[in-house]
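Each chain, written out:
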Amino acid sequence: MARQLLTMPEPLRSGLGRAHSNPLFSEVTGHNDTGWLEVCDTAAAGRLPLLMLGPIVTAYEHAMTDGEGRNTWRTDRYSPCRAPKPRAT
């Protein structure tokens, strides 16, 4: 989590700010978007890492399922994620 927050890759830069209002966030954390602030104040210390991971997971899931992210499985020229070309042996 620390590496993701420190390097702030594109899916986090574009999706982290609104992750708490995504229905997936509620599914991952078990709390709706209006109750997450209260949960931060009352959660046990052992539960806080899961709560911190919730927005990160939500931002990445949103990036993979919306727009060009839907094509991440592709390996051809339409893929938004370029795979390195195999080296000749």
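The rules we used
- Residues numbered from 1 in each chain as written.
- Predicted model: local features only at pLDDT ≥ 70, side-chain atom pairs only at ≥ 80, totals over all residues.
- Heavy atoms only, no water.
- Helix = DSSP H or I, 4+ residues; strand = E, 2+ residues; numbered from the N terminus.
- Buried < 20%, exposed > 50% of the residue type's maximum accessible area, 1.4 Å probe, protein only.
- Contact = heavy atoms within 4.5 Å.
- pLDDT = per-residue confidence, 0-100.
- Expected span 1.5 Å × (residues − 1).
- Bend = angle between axes of the 7 residues up to and from the residue.
- Patch = residues over 30% accessible without salt bridge, like charges linked within 9 Å, V, L, I, M, F, W, Y side chains within 5 Å.
- Areas by Shrake-Rupley, 256 points an atom, 1.4 Å probe, with all protein chains shown as cover.
- Salt bridge = Lys/Arg side-chain N within 4 Å of Asp/Glu carboxyl O.
- 1 Å grid on protein atoms, 1.4 Å probe; cavity = no way out; pocket = protein on both sides within 12 Å on 5 of 7 lines; lining within 4 Å.
- Points joined across faces, edges and corners; volume = space filled by probe spheres on them.
- Nonpolar A, V, L, I, M, F, W, Y, C, P; charged D, E, K, R; others polar.

Undergrad: Go over the environment of Ile-56 with me, naming the residues and quoting the values.
TA: Along the polypeptide, Ile-56 turns up in helix H5 (residues 48–65). A residue is classified by how much of its surface remains accessible, and Ile-56, at 6% relative accessible area, is buried. Sequence-distant contacts of Ile-56, that is, excluding residues within four places in its chain, are made with Met-1, Gln-4, Leu-5, Leu-12 and Leu-16.

Undergrad: Provide a residue-level description of the confidence of the model for the chain, including the pertinent values.
TA: Mean pLDDT over the chain stands at 78; residues scoring 70 or higher make up 74%. Of all the helices and strands in the chain, helix H4 (residues 36–42) carries the lowest mean pLDDT, 82, while helix H1 (residues 2–7) carries the highest, 90.

Undergrad: For H5, give the residues involved together with the corresponding values.
TA: Over its 18 residues, H5 extends 26 Å from the first C-alpha to the last, a length consistent with the 26 Å expected when each residue adds 1.5 Å. Gly-54 marks where H5 bends most, by close to 25°; the proline Pro-55 follows one to four residues later. For H5, the elements touching its buried residues are H1, helix H2 (10–15), helix H3 (23–29) and H4.

Undergrad: Describe a nonpolar patch on the surface, and please don't skip the residues or the numbers.
TA: Together, Met-1, Leu-48, Leu-50, Met-52, Leu-53 and Val-57 line one region of the surface with nonpolar side chains, adding up to about 450 Å² of accessible area. Among the structural elements, Met-1 can be located in the segment before H1.

Undergrad: Break down the pattern of salt bridges for me, with residues and values.
TA: Applying the stated criterion to the full structure yields one salt bridge. Glu-10 is the salt-bridge partner of Arg-13, the closest N and O atoms lying 3.0 Å from each other. Note that Arg-13 and Glu-10 are positioned in helix H2 at a spacing of three residues, about one turn of the helix. Judged by its relative accessible area of 54%, Arg-13 falls in the exposed class.

Undergrad: Account for unusual backbone geometry, with residues named and values stated.
TA: Here Met-8, not a glycine, exhibits a phi torsion of approximately 45°, which is positive. Examined against the element boundaries, Met-8 turns out to sit in the loop between H1 and H2. Taking the relative accessible area as the measure of exposure, Met-8 reaches 26% and is therefore partly exposed.

Undergrad: Can you lay out the layout of surface pockets for me, pointing to particular residues and giving the numbers?
TA: Counted as a void, the largest pocket has a volume near 190 Å³. As for the largest pocket, its lining consists of Leu-5, Leu-16, Gly-17, His-20, Phe-25, Trp-36, Cys-40, Leu-48, Leu-51, Met-52, Pro-55 and Ile-56. Elements represented by at least two residues in the lining of the largest pocket include exactly H4 and H5. Here the lining of the largest pocket gets five residues from one element, more than from any other, and that element is H5. Its residues assigned to classes, the lining of the largest pocket comprises ten nonpolar, two polar and no charged.

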